[in-house]
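Listed here are the chains, written in short residue letters.
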Amino acid sequence: MSRKAPSKDIDERDLEVEGSAHAAAGVTAVAVSMKRAVEQMGVRRTAQTLLKLNQTDGFDCQGCAWPDPSPEHRHTAEFCENGAKAVTEEATLRRVGPEFFAEHSMADLADKSDYWLGQQGRITEPMVLRAGGTHYEPISWDGAFELIGRHLNGLDSPEQAVFYTSGKTSNEAAFAYQLFVRAFGTNNLPDCSNMCHESTSVGLAEVIGIGKASVSFDDVHEAELIIIAGQNPGTNHPRMLTSLEAAKKNGAKIIAINPLKEAGLVRFKNPQNPRGVVGSGTAMADLHLPVRINGDLALFQALSALLLEGGHVDRDFVDTYTYGFEAWAEHLRALDWDLVLRSTGLTRAQIEEAAAMLAASKKTVICWAMGITQHRNGVATVKEIANLAFLQGNIGKPGAGLFPVRGHSNVQGDRTMGIWERPPGHFLDSLHSEFGFDPPREHGFDAVAAVKAFRDGEARVFFGLGGNFVSAMSDTTVTEDALRRADLTVHVSTKPNRSHVVHGREALILPALGRSEKDLTGGRPQRVTVEDSVCAVHSSQGPLKPASPHLRSEVDIVCSMALATIGDRHGIPWAAFRDDYTEIRRRIARVVPGCAGYDEKVDQPGGFVLPHPPRDTRTFPTEKDLAIFTVSPTEVLHVPEGRLLLQTMRSHDQFNTTIYGLDDRYRGIKNGRRVVFVNPDDIVSLGLQDGQLVDIVSEWEDGSERLAPRFRVVPYDTPRGCTGAYYPETNSLVPLDSKAEGSNQPAFKSVVVRLQRHGDQRPGQARPEGESNGVGGGGRGDEQKHHVEPDQLS
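Chemist: Describe the sheet that holds strand β20 (residues 528–531), naming the residues involved and giving the relevant values.
Modeler: The strand order β20-β21-β22 describes an open sheet built from 3 strands, whose pairing is antiparallel. Sheet topology places β20 and β22 (608–609) at the edges, where each strand pairs with a single neighbour. Along the sheet, helix α8 (residues 171–184) makes contact with β20 and β21 (536–540), crossing β20 at roughly 90°.

This is how it looks when you write it as structure tokens:
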């Protein structure tokens, strides 16, 4: 069986592959981002937004969830390149009104790339696609809410509705949203965490009792050693580089564990200080371990085994605060080093060098991201990282801890507010006590289960509070086909995206205020709150006039939908919540653990930090009331001869599914995205050539294949047998059932693939869509408006 991904706007002719892939991160980034900001926002608007970004009297960045410095240590320009890009995307002067949708049919829009769609501008009015219609058309807000209410109330069961949440949604909107969904009668609340850090949330909750980072912002500066595993800060969390630079100045060492040697962990030229502007910058990683894809679990076991063998154990911590040490230690004493070396692709000497750095450190922070979590054994690897921290007592003390770095600005806050398909019983009990209704107790659909529910006809309404679900999910063709089976799809959005053109029988686009815009809902200035990666909660208030008078806030949209669907059922004061967000925060204070006095605490400059028992008091709310050592088998992911292991990843000109541009400056790519990075020796052994066009075909144990067409081969410094390519273009290669054990998270980072010459087909292999004329989908489209540079390869 073979599935193929639609190939859109493909033309490889103008792709450029440049040198200097490991140039220093920093100063150039600022120039690039400022140029783009001025082009799309103008000089005055650029200053108006960027000078308020991440300030105590301003608004929180729409990008990553890296924590802010204390108010007295913030710079005037407290933002990074990708933060400036995120603001530019939202505060752009480009507009998408009814005339745009009148001009472009659904068939036309379906033929455009994700990049082209995102570059058109801000949506200005609610739009509806009627059953059988060919174009979106305007609809009033009241009409939109009536349509939603009619569909939801017409379902046979509340379980036939799915309510997705993006990680940008504010705490106030998230709390109101989960309250409505549970009052409606379901826990079907998948969110973007299901695709990124779910393995972290599950793994840490089991072994330390809470699925969040156990560090503070200052701990990074005070660490003696920082391990960065499966993470690319220069692209995904650029402000992290400033903290790493501060740690280096304080004497810290850094170990980078990643298949690719990323520029941001080679050298950083900080634009905030003279040395960064005119000097050589700061050398970052003291040791780079180019681990083979999926070799992280074996690597962390080997590091712990060496520390155990050398007696580098915090016996007081282990004896006082942990459970299961002896069984775990026995497992490591019998560690198969041949298996370790085959799994990691490293030498024993490399691993021993890293272990010596750990042994010399009394305070270690271990950071990780998607390179750890998006594997079949992602949960086990997270637990193995925790084992290493327990061994040396690196939790619950200054300068040390576990640090899963979140990639979306409020994804952690949304989970705190109750956005979860598997809510704990105590949270539901608090909802019952506060609002007087019995919330459903049965677990709902996560992201993978939601797609299957639509595919199998078990779900009929999809509501997306932000995000771009179709492009974010695995198994693109299956996901798209599933969503097209819905009776109604609704997306709360700021700009067009792929999910708007993959629609149910009827569809709505509801345009929301952005975080950079003034919110005067209820006739008064409103603020919202967010939570960052270290559990710090603070307020956010935008400075800009909204892009259109027809926009509504996320809180307004959620509360108005609730009124149109369940009305005054249960006596929940939706109108009061909508008119004054303080009323929501007062309920948050009474329902959400650790949030007593919530509204008063966020009044403080910089906000407040939520309690974290392992960090604060070395107490662990697990089933054993201790930190739990766990034993996981050492594994080698088998890859057949002539095949490679693929990891999907971002380009530098990208934030999640939002494509800012077509360059990946740090990897030497310009004007294209459809590239596959391959070790030069693998290019030779596979009979390929630099620059050759290939199709990427994933192969699965059930005999199925999935094909993504027309990628250009680019030589790159990656371990033998490993390759990488950008998502969402390669999401189609990952089946729904390829997921992390225990977390159900799509396994985007360990995909067995073959690279075949473009156009070659095996017997019975389906030809990719849109390939008959050599240009995917039969059209370019990227040259039509705003002088947008053509997307030559996406």
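And the narrative resumes.
Chemist: Quick rundown of helix α28 (residues 581–591)? Include the residues and the values.
Modeler: Every buried residue of α28 is accounted for by Tyr581, Thr582, Ile584, Arg585, Arg587, Ile588 and Val591. Of the surrounding elements, those touching the buried residues of α28 are α8, α22 (425–435), β20, α26 (554–565), α27 (574–579) and α29 (598–601).

Chemist: Pulling in residues and values, what's your account of the sheet that holds strand β7 (residues 137–138)?
Modeler: If you walk across this open sheet you meet the 6 strands as β7-β6-β19-β18-β17-β8, and the pairing is mixed. Unpaired on one side and paired on the other, β7 and β8 (161–165) mark the two borders of the sheet. On top of the sheet, helix α7 (residues 141–153) reaches β6 (127–129), β8, β17 (461–465), β18 (488–493) and β19 (506–511); it is set at about 135° to β19, its chief contact.

Chemist: Could you give an account of the packing of aromatic side chains, naming the residues involved and the relevant values?
Modeler: Enumeration over the complete set of coordinates arrives at 28 aromatic pairs. Seen from their ring centres, Phe163 and Phe180 are 5.8 Å apart, and the 90° between their planes marks the pair as edge-to-face. A residue pair is termed long-range when its members are at least 10 positions apart, and Phe163 in strand β8 and Phe180 in helix α8 qualify at 17 residues. It is Lys112 that lies over the ring of Trp116; its NZ or CZ is 4.8 Å from the centre.

Chemist: Account for the environment of Ala708, naming residues and giving values.
Modeler: Topologically, Ala708 is positioned in strand β30 (residues 705–715). Ala708 sits 34 residues away from Arg674 along the chain, and the two C-alpha atoms are 9.7 Å apart. Those residues in contact with Ala708, other than ones at most four positions away along the chain, are Asp695, Ile696, Glu729, Ser732 and Leu733.

Chemist: Would you mind going over the pattern of salt bridges in detail, with residue names and values included?
Modeler: In this structure the tally under the stated criterion is 54 salt bridges. Measuring nitrogen to oxygen at the nearest pair gives 3.2 Å for the salt bridge that ties Arg527 to Asp599. On the criterion of sequence distance, the pair formed by Arg527 in the loop between β19 and β20 and Asp599 in helix α29 is long-range, its members being 72 residues apart. Both residues of the pair, Arg527 and Asp599, count as buried. Among the charged side chains, a salt-bridge network with shared partners connects Glu172, Arg527, Arg585, Asp599 and Asp603.

Quick notes on the rules
All residue numbers here refer to positions counted from 1 along the written sequence of the relevant chain. Given that the model is predicted, a residue must reach a pLDDT of at least 70 before its local features are reported, and side-chain atom pairs must reach 80 or more before they are shown or counted; all residues, however, enter totals for whole chains, interfaces and linings. Note that water and hydrogens are dropped before the side-chain values are worked out from all heavy atoms of the structure. Two strands pair under a simple rule: DSSP has to find at least two bridges between them. Each helix corresponds to a stretch of at least 4 residues labelled H or I by DSSP, and each strand to a stretch of at least 2 residues labelled E; elements are numbered beginning at the N terminus. Any two residues whose heavy atoms approach within 4.5 Å at even a single point are treated as in contact. To obtain an axis, a line is fitted to C-alpha atoms, over the contacting stretch when the element is a helix, and the angle between two such axes runs from 0 to 180 degrees between their N-to-C directions. Between buried and exposed lies partly exposed: a residue is buried under 20% and exposed over 50% of the maximum accessible area for its type, with that area taken using a 1.4 Å probe on protein chains only. Here the aromatic set is Phe, Tyr and Trp, taking the six-membered ring for Trp, and pairing holds for ring centres within 6.5 Å; pairs whose planes are under 30 degrees apart are stacked, those over 60 apart are edge-to-face, and all others are tilted. Should the NZ of a Lys or the CZ of an Arg lie within 6 Å of a ring centre and within 35 degrees of the ring normal, that charge is described as sitting over the ring. Any Lys or Arg side-chain nitrogen located within 4 Å of an Asp or Glu carboxyl oxygen qualifies as a salt bridge.

In short, geometric facts, not functional conclusions.
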